[in-house]
Amino acid sequence: MSRTPVLEVNNLSVGYETTKGLLEAVRKVDFSVYENEIVGLIGESGSGKSTLAYALMRLLKNGAKVTGGSVKVLGQDIYNMDPETLRKFRWSSISMVFQSAMNALNPVMTVEQQIIDTLRFHNPNISKKAAFEAACELFELVRIDPSRLKSYPHELSGGMRQRVVIAIAIALKPKFVIMDEPTTALDVVVQKSILDQIMELKEQLGFSILFISHDFSLVSEIADRVAVMYSGRLVEVADSDTLSTPEGHHPYTEGLIHAIPRLTDKHTKLRGIPGNPPALDKIPSGCAFHPRCKYAEAACFTEAPPIVKTEHHSIVECHLHAKVGGARV
Ligand SMILES: Nc1ncnc2c1ncn2[C@@H]1O[C@H](COP(=O)(O)OP(=O)(O)OP(=O)(O)O)[C@@H](O)[C@H]1O
Ligand SMILES: [Mg+2]
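Rules used throughout
Note that residues are indexed from 1 along each chain, following the sequence as it is written. Labels follow written order: the first chain is A, the first ligand is 1, and so on. Per-residue local features of the predicted model are confined to residues with pLDDT of at least 70, and side-chain atom pairs are confined, for both listing and counting, to 80 or more; whole-chain, interface and lining totals are unaffected and use all residues. With hydrogens and water excluded, all non-hydrogen atoms of the structure serve as input to the side-chain values. By the criteria applied, helices consist of DSSP H or I runs no shorter than four residues and strands consist of E runs no shorter than two, each listed in order from the N terminus. Each residue is placed in one exposure class: buried if its accessible area under a 1.4 Å probe, protein chains only, is under 20% of its type's maximum, exposed if it is over 50%, and partly exposed if it falls in between. By the convention used here, residues are in contact when the closest approach between their heavy atoms is within 4.5 Å. Any Lys or Arg side-chain nitrogen located within 4 Å of an Asp or Glu carboxyl oxygen qualifies as a salt bridge.

> Teacher, can you tell me more about the overall build of the protein here?
Helix and strand content of the protein: ten helices and 13 strands. In terms of principal-axis extent, the alpha carbons of the protein reach across some 70 × 50 × 45 Å. Counting over 329 residues, the protein shows a buried share of 50%. Taking the contacts inside the protein whose residues are at least 6 apart along the sequence as the reference set, 62% of them involve residues at least 24 apart.

Rendered as structure tokens:
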């Protein structure tokens, strides 16, 4: 069955201008997200997840720039769009829930004004009544009583503010939504209810999601596929149901799986991954993960690893996998 991609990322690199020169935080990344799919993007802090997300929105901040590759959303190259087309396209075709966004709502505007501003930005002729009705409908969608529309952000709980941010992201019914750590700042009960709701909204409105998180077990639960980022590279893309066992994965993914506490394994000691990810100006030669990899061999120190397709249908960037007979892609 052929699937329609909503996002196609090809060989994308993103760098930051620093006092040490241009340092790449995203390095030649390739992946796609298909219609109605949730792809989880995981990786330790600093691995480049948010930088990638901003690049997908063409919203990189000052000092950051795309140094190679392309991004297509719904078949359109967003780096070849003129500013006016891009302005219309963003939020109505691709939108984003920013990391820590619930704390970025404007504190001196009611949430109603903030939602209506988003609607107006794209449809300046919308009547006051239609905008208000649309705002009420959005609040109902994210399960907040529309009477709370008149509230200022500080009058709402963290969970409610996060729902408002999600309501703003889906206000223009985009086909693709990036969610950067949408539940990280919330307690587990609120986190669960917001996740359930994201899944419901996705079914109802039919959008695809790139769900960014450090929480491996949470991502493997909600995503169809998982992309694992290490030091700016996507080292593995796998179906999430392969993640219940550590075998067959990139050694970094294997380490992440071993680090998940399991209720059933009372006697198994959790194993973390030794060491820390490298700084952007000190990315090791060969495979960037080799200093932390218990399987590292001579080639891993000097040669960039090949990308391999394993029997688990994942893309794994690892010398070891190439050696044991995975097909190179
Ligand atoms: N403005 C900047 N200038 C220079 N380097 C930056 C800048 N912003 C981010 N970086 C670096 O880029 C790398 C990737 O950062 P990014 O925020 O994308 O990581 P992340 O995976 O989203 O981390 P987290 O999980 O903590 O949100 C890090 O090494 C970070 O220090
Ligand atoms: Mg981030």
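That was the structure; now back to the text.
> What am I meant to see in the pattern of salt bridges here?
A side chain with one charge may pair with a side chain of the opposite charge, provided their charged atoms come close. With the rule as written, the count across this model stands at 15 salt bridges. For Glu 37, the salt bridge is made with Arg 225, and the minimal N-O distance between the two is 2.6 Å. With Glu 37 in the loop between β2 (21–34) and β3 (38–42) and Arg 225 in strand β9 (residues 225–230), this residue pair connects regions lying 188 residues apart in the sequence. By relative accessible area, which is 4% here, Glu 37 ends up buried. Between Glu 133 and Lys 129 there is a salt bridge, with its nearest N and O atoms 3.3 Å apart. Here Glu 133 and its partner Lys 129 are both found in helix α4 (residues 128–141), four residues apart, which amounts to about one turn of the helix.

Structural measurements only, silent on function.
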